[in-house]
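Understanding the architecture of this molecule
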Amino acid sequence: MTALARAQPDRVPWMENDFEEGLQVRIMGTRDYTPGDLCRRLGMDAFGYHYPSGGAAVAGQLLQSKEDMKSQYYYPTRITFDFVPPWIAEMGTDSDTGRTYIKKGLLVSEEALSLFDTFLPDPHHPARYERVQGWIAKYKEDFAVFARIRFGVASAIESMGLETISYAIYDNPGLVKCVVERFASWSAAVVEHLNQMDFDFYWVNDDIADNHGPWFSPQVFREFFLPYMRQVARVMKKPWIYHSDGNLMPLMEDLLTLGMAGVHPIQPAAMEIGEVKRQYGHRVCLVGNIDLDYILTRASPEEVEANVRDTIRVAGPGGGYIISSANSLTDYCQVKNVLAFSRAVAKYGRYPLVGHEAGDDGQVSEYRGER
Amino acid sequence: MDLAAELKEAIIAGSADRARELTRKALEAGVPGEEVVNDWMMGAMNEVGKRFERGEAFIPELLIAARALRHSLELLRPEGGGPGVTFVGRVVIGTVKGDLHDIGKNLVAMMLQGAGFIVTDLGIDVPPEKFVEVVKEQQPHLVGMSALLTTTMLNMRSTIEALERSGLRDAVKVMVGGAPVTDQFAREIGADGYAENAFAAVSLARRLVGVG
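Residues numbered from 1 in each chain as written. Chains lettered and ligands numbered in written order. Predicted model: local features only at pLDDT ≥ 70, side-chain atom pairs only at ≥ 80, totals over all residues. Heavy atoms only, no water.

**Quick look at the confidence of the model for chain A**
Model confidence for chain A is summarised by a mean pLDDT of 90, while 91% of its residues fall at 70 or above. The model gives residues 54-60 of chain A a pLDDT under 50, and that stretch makes 12 contacts with residues more than four places away or in other chains. (pLDDT = per-residue confidence, 0-100. Contact = heavy atoms within 4.5 Å.)

Structure below.
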């Protein structure tokens, strides 16, 4: 939490937005462990994703019949800290991995708006809050616990489909705003309840960009999405991290008006973390940047160590940096590389960082070599 | 403003009805269909692509321009009463086996349709044998493959090898794209080209079928 407040803690914290259960189990060698056990095994500082707890791992969000989905939402059978709205979309399941995916968004017209009433759970239903609060009390120990939520932008994009929402921005702007507002209102109602629980922070997952840049112009972003994101941000009473893949630089000034404490994942293929630190490190905590395309999936453990070391040296000075993968720890990360990641964070992440002194202005100084 | 410039502006602005009307006027005025398509319309898409690369146009602007283009191209098809220009080529496109991402692939498919290609979209998680099956059936000019993961992009090589084993490799051009894919990787696996984004994919596709 010190790092999120852009101060310098005793060491660079490590946490992950998601950590797929298959990888968890391969690392732990068993399905019988607590969130704290996993954090201790790797030296992580926070948790907020799914754990097996005896249930079958199913990645992603699944929209089944309205009864099944709402029941699953109100009474989750495996440990979770998520409070995200369902995709209002036709879903598929990959037969090999069990991973779910969106086939087609269903919110394609005014008539389809009735699907909100059909499929969106009641944000005031007490069951999920009670169950999750029980898990927080049981598993928190000394770790930070986060709730994953959405503003509603990603929900709107996926539930309408990128093609439909793109045309609608020009053909039927009212429909787009209605859809985004419905999801945002749902999330805002959820947050009012989460504020009363023992979460330490929120992680808001709302993808709006890819490696090239934002999917929408700043003008479209300000008209169609930002006001509704602000609707949710305004009611958050705990610190929060904003997650979107891709290059966010063209929208960063607008995004920062929302008041996030941290930005994630600073994908190395899309954003250069040194430049982000220089421009925005005094305004927001940086979270992420350990590459998923190669480092955690195909590199050698030695390369992982070097990458972690170099990233800490660039982003860590002065604090305000939380190390994390540049998206999540997925099933296709190599166990040996995740363990190398863990060892490297322990080796290089203690303040004062070797070879660096953070200036009083928190500016990154160049690595000058070990003293 | 002359007709060519007006049509270009209408396509860039995504004014589908206006673009169609201007296309009709051009054809009625005797402008050859090939010129309308290859110079006027592709000129508009080139401009949209440049704006996209400069960060001045974004996905919605690409899509409404492609939609306006597609709307106008209908007039040049024989069934639209046109002179029979516009069929550029057939493309089979898909996200490779093991990969469930489709945003980029969908964008490429839409842009290719807008540019006059007939596109068969195989969806996501497409195994090499499915690509081979459809190539045998449809005899496309192009195969397009997308991947978002460094683990799954290796299936692009598998698909090309499957086409080789089936004796189909020389009958199609293969283009690849996706976040982890590079021009070097494309060359290593024996693809005919790599496109960095949806607009570049259209340029590449046109070049590979010999019209660009």
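Having seen the model, we can carry on.
**Overview of the sheet that holds strand 4 (residues 173-177) of chain B**
Residues and elements named next belong to chain B. Reading across from one edge, 2-1-3-4-5 is the order of the 5 strands in this open sheet, with parallel pairing throughout. This sheet does not close on itself; its edge strands, each paired only once, are strand 2 (117-121) and strand 5 (193-194). Across 5 bridges, strand 1 (residues 89-95) lies against strand 2 in parallel orientation. By the bridge assignment, isoleucine 93 is partnered in strand 2 with aspartate 121. Where helix 5 (residues 103-114) meets the sheet, it contacts strand 1, strand 2 and strand 3 (142-146), and its direction lies at approximately 155° from that of strand 2. (Pairing = 2+ DSSP bridges. Helix = DSSP H or I, 4+ residues; strand = E, 2+ residues; numbered from the N terminus. Axes fitted to C-alpha atoms, helices over the stretch in contact; angles between N-to-C directions.)

**So, the sheet that holds strand 9 (residues 321-325) of chain A**
All names here are of chain A. Pairing within the open sheet is parallel, and its 7 strands lie in the order 1-4-5-6-7-8-9. Strand pairing shows two members of the sheet lacking a second neighbour, strand 1 (46-47) and strand 9, which therefore form its edges. Here strand 4 (residues 144-149) runs beside strand 5 (residues 201-205); their pairing, made up of 4 bridges, is parallel. Its bridge partner lying in strand 5, phenylalanine 146 is registered against phenylalanine 201.

**Examining the pattern of salt bridges**
Residue and element names in this part refer to chain B. For the coordinates displayed, the defined rule picks out 28 salt bridges over all chains. The partner of arginine 54 in a salt bridge is glutamate 56, with the nearest N and O atoms 3.0 Å apart. When its relative accessible area of 47% is taken as the criterion, arginine 54 is described as partly exposed. A relative accessible area of 48% means that glutamate 56 is categorised as partly exposed. Ionic pairing is found between lysine 130 and glutamate 133, a salt bridge with its closest N-O pair at 3.5 Å. (Salt bridge = Lys/Arg side-chain N within 4 Å of Asp/Glu carboxyl O. Buried < 20%, exposed > 50% of the residue type's maximum accessible area, 1.4 Å probe, protein only.)

**Considering the interface of chain B and chain A**
Counting from both sides, the interface comprises 23 residues of chain B and, opposite them, 26 residues of chain A. Between chain B and chain A, a total of about 2200 Å² is buried, with carbon and sulfur atoms accounting for 65% of that surface. In this structure, the connection of chain B to chain A is made through 1 salt bridge. Linking aspartate 171 of chain A and arginine 67 of chain B is a salt bridge whose minimum nitrogen-to-oxygen distance equals 2.6 Å. Counting across the interface, chain B meets chain A through 7 residue pairs in polar contact (both at pLDDT 80 or more). Elements with a minimum of two residues in the side of chain B that touches chain A: helix 3 (33-53), helix 4 (59-73) and helix 5 of chain B. Here the element with the most residues in the side of chain B that touches chain A is helix 4 of chain B; it accounts for 7 residues. In terms of residue class, the side of chain B that touches chain A is built from 14 nonpolar, 2 polar and 7 charged. (Buried area = accessible area lost by both parts, 1.4 Å probe. Polar contact = N/O pair within 3.5 Å; in protein donor to acceptor, adjacent residues only side chain to side chain. Nonpolar A, V, L, I, M, F, W, Y, C, P; charged D, E, K, R; others polar.)

**Some points on the packing of helix 3 of chain B against helix 4 of chain B**
Residues and elements named next belong to chain B. Helix 4 packs onto helix 3 with a crossing angle of 175° between their chain directions and a minimal axis gap of 10 Å. What the angle tells us is that helix 3 and helix 4 run roughly antiparallel. When helix 3 is examined against helix 4, the residues Val37, Met41, Met42, Met45, Val48 and Phe52 are found in contact with a partner set consisting of Ile59, Glu61, Leu62, Ala65, Ala66, Leu69, Ser72 and Leu73. Split by residue class, the contact of helix 3 with helix 4 holds 12 nonpolar, 1 polar and 1 charged. (Parallel < 35°, antiparallel > 145°, perpendicular 65-115°, else oblique.)

**Digging into the side chain of arginine 128 of chain A**
Residue and element names in this part refer to chain A. For arginine 128, the location among the structural elements is in helix 5 (residues 126-139). Among the polar contacts listed, one links the side chain of arginine 128 to the backbone oxygen of aspartate 82, at a separation of 2.8 Å. With near-sequence residues (within four places) excluded, arginine 128 lies in contact with Gln72, Tyr73, Tyr74, Pro76, Thr80, Asp82 and Phe83.

**Focus on the pairing of strand 1 of chain B**
All names here are of chain B. When you tally the buried positions in strand 1, you get 6 out of 7 residues, the bulk of the element. Read from strand 1 through helix 5 to strand 2, the crossover connection turns out right-handed. The sheet contact formed by strand 1 and strand 3 spans 5 bridges and is parallel. From the neighbouring strand, isoleucine 93 faces strand 3, where its bridge partner is glycine 144. (Right-handed = clockwise from strand over helix to strand, strands pointing away.)

**Description of helix 1 (residues 21-28) of chain A**
All names here are of chain A. Every buried residue belonging to helix 1 is among Glu21, Leu23, Gln24, Val25 and Ile27, and all of these are buried. Buried residues in helix 1 make contact with helix 2 (35-42) and helix 13 (335-348). Positive phi appears at glycine 29, one or two residues downstream of helix 1, with a value of about 75°.

**Focus: the packing of aromatic side chains**
Note on aromatic pairs: each is described by the distance of the centres and the angle between the planes. Residues and elements named next belong to chain A. Under the defined criterion, the tally for this structure stands at 20 aromatic pairs over all chains. Each ring, one from tyrosine 73 and one from tyrosine 74, has its centre 6.0 Å from the other, and the planes form 75°; the classification is edge-to-face. The buried category is assigned to tyrosine 73, whose relative accessible area is 8%. Classification of tyrosine 74 by relative accessible area gives buried; the value is 11%. (Phe/Tyr/Trp six-rings, centres within 6.5 Å; stacked < 30°, edge-to-face > 60°.)

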